[in-house]
Amino acid sequence: MYDDVVKELKELEELVLKCMKCGTCHADCPLYNQDGKEQSVARGKIALIQSVYEGRLEDAGKILKHIDYCVLCGRCKQSCPSGVKTDEIFLKAKSVLRKIEKMKGWQKFVLSIAMEKPELLAKMAPLMHMGLKFGSKKIKDDVFKPIIPIAGGRNVVSVKSKTFADTYGGLNKAKGEEKMTVIFYPGCAANMIYTSWGEAIVETLNYFGVSVYVPEVNHCCGIPAATMGELDLFKKMVNKNIDYFDSLDAKYIVTCCPTCQYGLNEMGPKQTGRSPEQEMMDVVVFLEEVLHADIKLETGEKTTIHFPCHYDRSKDSLLESFVKDNLGTDYTKLKNQSCCGFGGTFSLKHYGKSSDISTSKAEEISTKGFQRVYTPCPGCAMQLTDALAKEGSEADVSHPVQLFYESVVKKS
Amino acid sequence: MSAAINGKFKEIVGSDNFWDEPADLMCYSYDSAFEKPVPPDMVVKPSDYDQVQKVIQLCRDADIPLITRGAGTNLSGGTVPVSGGCVMLTTGLNKILEVNTEDLYAVTQSGVVTAKFAEHISDHGLLYPPDPGSMKMSTMGGNVAENAGGLRALKYGVTSDYLMGVKFFDMDGNLVIGGGRTVKLVTGYNLPGLMVSSEGMLGVMVELIMKIVPVPEAKKSMLVSFGDVIKASETVSKIIQAKILPATLELMDNFTIKTVEEATNIGLPVDADALLLIEVDGHPEAVEDEYRKVIDICESLGGSVKVAENEQERDALWEARRKSLSSLARLRPTLILEDATVPRSRIPEMMQAVQNIRKKYDLTIGTFGHAGDGNLHPTILTDKRDEQEMARVEKAIDEIFETALKLDGTISGEHGIGSAKAKYLESELGKGSLIFMDKLKKGLDPKGLLNPHKMGL
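Note that the structure is predicted; figures quoted are calculated from it, not measured.

Colleague: What is the right way to look at the overall build of chain A in this model?
Modeller: Each helix and strand counted, chain A has 22 helices and 12 strands in total. Over its C-alpha atoms chain A spans a radius of gyration of 21 Å, differing by no more than 12% from the 22 Å that the globule rule assigns to 412 residues. With the principal axes as the frame, chain A shows a C-alpha extent of 65 × 50 × 45 Å. A burial count over chain A gives 60% of its 412 residues as buried. Within chain A, contacts between residues separated by at least 24 positions form 78% of all contacts whose residues are at least 6 apart in sequence. Counting every atom, chain A has about 16,400 Å² of accessible surface; 53% of that belongs to carbon and sulfur. Computed over 54 positive and 53 negative side-chain charges, the inter-centroid distance for chain A is 4 Å.

Below, the structure written as structure tokens:
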């Protein structure tokens, strides 16, 4: 079996050889910037894969922990001068190396529930919600500090007693004349935690004459499985979601989770050879570029934006003008443009390291006295909420559509 | 290595900053050069000077080779631990200690990343000019040890022109202080000068005092296309003969232009045989005067000039140059970047020679680089798995260096000697110099433990 593993890693050679070891990935790697260790950065991980299939490193089982120590923010790929597809290399390598080092039984169990039994997970939500209410101290609106340190001292946003899909699953008809029909894919975070984001988005789309399909049961995009090295499970989830998308007569798939979009629309098609029929895009991009929606607020708030790593980065300036002009805010770009450090399963496995990454960003937000930080990603929102609470900052973390919904749509 | 020795290392730096597992070690077996990877026996990451000193003393007492490593972006194999030993990371020494805006210097630890240092200086309204291609990741200590250059070298010089003082440990663990905070200083040997280009072979640098300068008030950038690369090269000499020193004067050959355009669609003139990217800076009136003269010179040699009207257009122009290496890198699996350098008046001859060599050995070579200071980067694109082609690559490199020396140039303008160019050193310096360097090295490091075998010593 060991030989098979080496052989399969060797299949990555064409991708790996593109790395000329220039080290440009150092500059944007949130982990390397913390620890200055070559093991943490893409160049080091690629060298490890190479040294296994070139026969210089004998115990392949030992490299998984290094490859796994990665936020998968993809910034190395974005800045790589040679165009090395680091995400593809690491996901494939992890799934190959999983053959040597099996996932721990309980991890596999949790993962399979989360992926394959979404109904069960949804039923557990009220329990988690109750647990959190009783076992924690409320520090501000919907942000809690658990009294028993179950989450490593993390300040959490509550798991809601009712999932978003429970409320909005099915077709939500447009208000007034229907312009088109779209699918809104909430992703697990908006489905269970940021249900208010889902509500704001569906209601706002309805308000602008768009009918919206919401999955009755939210199937995970599969990215957590991919990051754990379970590529087959990832492909299964991608296929399941694409089956669902394909079954509906809709023009676009709108989402508020850049990582889900990356999973279903970029990495998914690469791994399964199948793309959704509809174009998938972030809700802000949809409102601006497709609907040309008339959104005008004058909040005057002092705001900034955290740009999620998996966001379509060519739309960064669109997002900026949306926050600045449409929401009428006093916007300033953050000097610190780093990843927030969340990385989904990464923050579960390495909360301390994950949290360290967001600290300097939270410091800047706090020092500069921002009232609100906009971010179009629920993962980043969770991470920043925690970091800001620790920093003692009063800044709220919001989705760009939320305020418009609260002050215009809801009152209409 | 024995458990007892490893225990001592751990005691010094803490077990979180010590590694000896094969997978960890493999991550320090290479740098950015195309050299055979060799893993060290252990890696340590000290977080203060005291730890640095103790690591050095332990290595000396236990006869362990010691290789200092910043970001490992070296292009001549300078940080590859060719005979094993201990790799000491400087990334834990990452504080900027002082910026003095009255006396125009800054004190920094050696592990600070160059771009972060430059940005910090710029936040104080001043400029640290050296801008090596790797500045986003390289460290200040590494820049001094390799005497890194950059795009602004023609007018502003290289790292050595900014080093005022240094603190380092010798191989006995003595703290040595050289230079200081004054513009004039002649106390003792020029120890900062000695540490420049020393490639980690004479001591371990922990702290540097760097000169900083006022930011030029105005600048003007232009892109000039030529139908003939030799004419472009002649233009470089003519500009300097006219007593104009542009801040940057960069050249790209046709192959590089086409490759960059294919990769980026910036809108470069793909028919041009060569491009010059020129930026003049300084007092607004001087800039105005100089840039007009530069345009006249370019046009008189057949160049067609496009001036950047604003910051955005300027960025677009520089984008092409910045993308040169990366665009070339995407073409073939293996890239070998050379830095043979000649006196700038000999650039046309050097360009011609590289073209001939490319044809003779049937290779893909893109050439771009700092034409203004005579430092070209012939970039060979190949595949390390193709043995026959690699043999031709080696011969081509030999010939490029031979030509550079024939033209009174050097085998390395800014990448250093390390392991990659050790065999060519004598042909440039002669035996006497090697003997002198060897004596110096043996006097300071009699056991030959500091970055052994580099420069052939």
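Colleague: Teacher, can you tell me more about the sheet that holds strand E5 (residues 96–100) of chain B here?
Modeller: In a beta sheet, neighbouring strands are held together by backbone hydrogen bonds and run either parallel or antiparallel to one another. Residue and element names in this part refer to chain B. Spatial strand order, E5-E6-E10-E8-E9: five strands in an open sheet with antiparallel pairing. Among the strands making up the open sheet, the edge pair consists of E5 and strand E9 (175–179). Across the sheet, the mean angle separating the axes of adjacent strands is 10° when strand polarity is ignored. By the bridge criterion, four bridges tie E5 to strand E6 (residues 105–109) in an arrangement that is antiparallel. Each residue of the ladder has a partner; that of Asn100, found in E6, is Tyr105. Its contacts with the sheet place helix H3 (residues 49–61) against E5, E6, strand E8 (163–169) and strand E10 (204–211), and it is angled at close to 135° to E10. Contacts from helix H4 (residues 114–123) reach E5, E6 and E10 within the one sheet, and its direction differs from that of E5 by about 35°.

Colleague: Teacher, can you tell me more about the packing of aromatic side chains here?
Modeller: How two aromatic rings sit relative to each other is set out by the distance from centre to centre and by the angle between their planes. Residues and elements named next belong to chain A. Applying the stated criterion to the full structure yields 14 aromatic pairs over all chains. Ring plane angle 25° and centroid distance 5.2 Å describe the contact between Phe164 and Tyr168, whose orientation is recorded as stacked. Here Phe164 pairs with Tyr168, and both are found in helix H11 (residues 164–168), just four residues apart, close to one helical turn. Ring geometry for Tyr185 and Phe245: centres 5.9 Å apart, planes at 85°, overall edge-to-face. On the criterion of sequence distance, the pair formed by Tyr185 in strand E5 (residues 180–185) and Phe245 in helix H15 (residues 231–246) is long-range, its members being 60 residues apart. Here a set of aromatic residues connected by ring pairs shows up, and it is made of Phe164, Tyr168 and Phe184.

Colleague: Teacher, can you tell me more about the packing of helix H1 (residues 2–10) of chain A against helix H8 (residues 86–97) of chain A here?
Modeller: Between two packed helices, both the angle of their axes relative to each other and the distance between the axes serve to describe the pair. All names here are of chain A. Contact geometry of H1 with H8 gives a least axis separation of 10 Å together with a crossing angle of 170°. Classified by the angle their axes make, H1 and H8 are roughly antiparallel. Across from Val5, Glu8 and Leu9 in H1, the residues of H8 making contact are Lys92, Ala93, Val96 and Leu97.

Colleague: Help me out: how do you make sense of the sheet that holds strand E1 (residues 18–19) of chain B in this one?
Modeller: Residue and element names in this part refer to chain B. A sheet is described by the order of its strands in space; here four strands give the open sequence E1-E2-E4-E3, paired in mixed fashion. A strand with exactly one partner marks an edge of an open sheet, and here the two such strands are E1 and strand E3 (66–69). Examined bridge by bridge, E3 and strand E4 (residues 86–89) share four bridges and lie parallel to one another. What sits directly across from Arg69, in E4, is Leu89. Where H3 meets the sheet, its contacts fall on strand E2 (42–44), E3 and E4, and the angle it forms with E4 comes to roughly 170°.

Colleague: What is the right way to look at the pairing of strand E18 (residues 375–382) of chain B in this model?
Modeller: Each regular strand carries side chains that alternate between the two faces of the sheet. Residue and element names in this part refer to chain B. Most of E18 sits out of view: eight of its eight residues are buried. Where burial is concerned, the two faces of E18 agree: the one with Asn375, His377, Thr379 and Leu381 and the one with Leu376, Pro378, Ile380 and Thr382 are both buried. Note that strand E16 (residues 334–337) and E18 share four bridges and pair antiparallel. Residue Leu335 lies in a different strand from E18, and its bridge partner there is Leu381. Pairing of strand E17 (residues 364–370) with E18, which is carried by seven bridges, proceeds in the antiparallel orientation. Within the sheet, the bridge partner assigned to His370 lies in E18 and is Asn375.

Colleague: Looking at this structure, how should I read the pattern of salt bridges?
Modeller: If the charged atoms of two oppositely charged side chains come close together, the side chains can form a pair. Across all of its chains, the model carries 57 salt bridges over all chains by this definition. A:Asp246 is the salt-bridge partner of A:Arg274, the closest N and O atoms lying 3.3 Å from each other. One end of the pair, A:Arg274, is in the loop between helix H16 (258–272) and strand E8 (279–282); the other, A:Asp246, is in helix H15, with 28 residues separating them in the sequence. By relative accessible area, which is 26% here, A:Asp246 ends up partly exposed. B:Glu279 serves as the salt-bridge partner of B:Arg314, at 2.7 Å between the closest nitrogen and oxygen. In this pair, B:Arg314 is assigned in helix H11 (residues 311–322) and B:Glu279 in strand E14 (residues 274–282), connecting sequence segments 35 residues apart. Shared partners join several salt bridges into a network, and the residues in it are A:Lys10, A:Glu13, A:Glu14, B:Asp383 and B:Arg385.

Colleague: Any chance you could explain unusual backbone geometry here in plain terms?
Modeller: Leaving glycine aside, a negative phi is the common case for residues, and trans is the common case for peptide bonds. Residue and element names in this part refer to chain B. Not every positive phi belongs to a glycine, and Asp408 is a case in point at roughly 65°. Looking at the secondary structure, you find Asp408 in the loop between helix H14 (387–406) and helix H15 (425–429). The residue Met455 is not glycine, and still its phi comes out positive at about 55°. Relative to the helices and strands, Met455 resides in the segment after helix H16 (431–444). Note on Met455: relative accessible area 10%, which makes it buried.

Colleague: Can you help me understand the nonpolar core in this one?
Modeller: The nonpolar side chains of a soluble globular protein tend to be buried with one another. Counting 65 residues, the largest nonpolar core has A:Val182, A:Phe184, A:Leu205, A:Phe286, A:Leu287 and A:Leu291 as its most contacted members. Setting aside anything within four residues of it in sequence, one finds A:Phe184 in contact with A:Phe164, A:Gly198, A:Ile201, A:Val202, A:Val212, A:Tyr213, A:Val214, A:Pro215, A:Val254, A:Thr255 and A:Cys256. B:Met350, B:Ile365, B:Met390 and B:Ile397 belong to the second largest nonpolar core, which has 56 residues in total.

Colleague: Would you take a moment to explain the interface of chain A and chain B for this structure?
Modeller: The interface of chain A with chain B comprises 36 residues on the first partner and 33 residues on the second. Taken over both partners, the interface formed by chain A and chain B buries close to 2,700 Å², and the fraction arising from carbon and sulfur atoms is 54%. By the criterion of area lost to chain B, the three top residues of chain A are A:Leu17, A:Met20 and A:Gln39, representing 19% of everything that side buries. Run the count over chain A and chain B and you get seven salt bridges. A:Glu13 is the salt-bridge partner of B:Arg385, the closest N and O atoms lying 3.3 Å from each other. Every element with two or more residues in the side of chain A that touches chain B is listed here: helix H2 (13–17), helix H3 (25–28), helix H4 (30–35) and helix H5 (42–53) of chain A. By residue number, the principal contributor to the side of chain A that touches chain B is H5(A), which donates six residues.

Colleague: Can you walk me through helix H9 (residues 105–116) of chain A in this structure?
Modeller: Because the α-helix completes a turn every 3.6 residues, residues three or four places apart line up on one side. Between its first and last C-alpha atoms H9(A) spans 16 Å; for 12 residues at 1.5 Å apiece the expected length is 16 Å, and the two agree. For H9(A), the complete set of buried residues consists of A:Gln107, A:Leu111, A:Ile113 and A:Met115.

Colleague: Sorry, what's going on with the environment of A:Leu205 here?
Modeller: All names here are of chain A. Position of Leu205 among the secondary structure elements: in helix H13 (residues 195–207). The exposure class of Leu205 is buried, given its relative accessible area of 0%. Residues Leu205 and Glu116, spaced 89 residues apart in sequence, show a C-alpha to C-alpha distance of 29 Å. The contact partners of Leu205, leaving out residues within four places of it in the chain, are Val182, Val210, Val212, Phe286, Leu287 and Leu291.

How each quantity is defined
Residues numbered from 1 in each chain as written. Chains lettered and ligands numbered in written order. Predicted model: local features only at pLDDT ≥ 70, side-chain atom pairs only at ≥ 80, totals over all residues. Heavy atoms only, no water. Helix = DSSP H or I, 4+ residues; strand = E, 2+ residues; numbered from the N terminus. Rg over C-alpha atoms; globule rule 2.2 N^0.38 Å. Buried < 20%, exposed > 50% of the residue type's maximum accessible area, 1.4 Å probe, protein only. Contact = heavy atoms within 4.5 Å. Areas by Shrake-Rupley, 256 points an atom, 1.4 Å probe, with all protein chains shown as cover. Lys, Arg positive; Asp, Glu negative; His and termini not counted. Charge placed at Lys NZ, Arg CZ, Asp CG, Glu CD. Pairing = 2+ DSSP bridges. Axes fitted to C-alpha atoms, helices over the stretch in contact; angles between N-to-C directions. Phe/Tyr/Trp six-rings, centres within 6.5 Å; stacked < 30°, edge-to-face > 60°. Parallel < 35°, antiparallel > 145°, perpendicular 65-115°, else oblique. Salt bridge = Lys/Arg side-chain N within 4 Å of Asp/Glu carboxyl O. Core = buried A, V, L, I, M, F, W, Y, C linked by side-chain atoms within 4.5 Å. Buried area = accessible area lost by both parts, 1.4 Å probe. Expected span 1.5 Å × (residues − 1).

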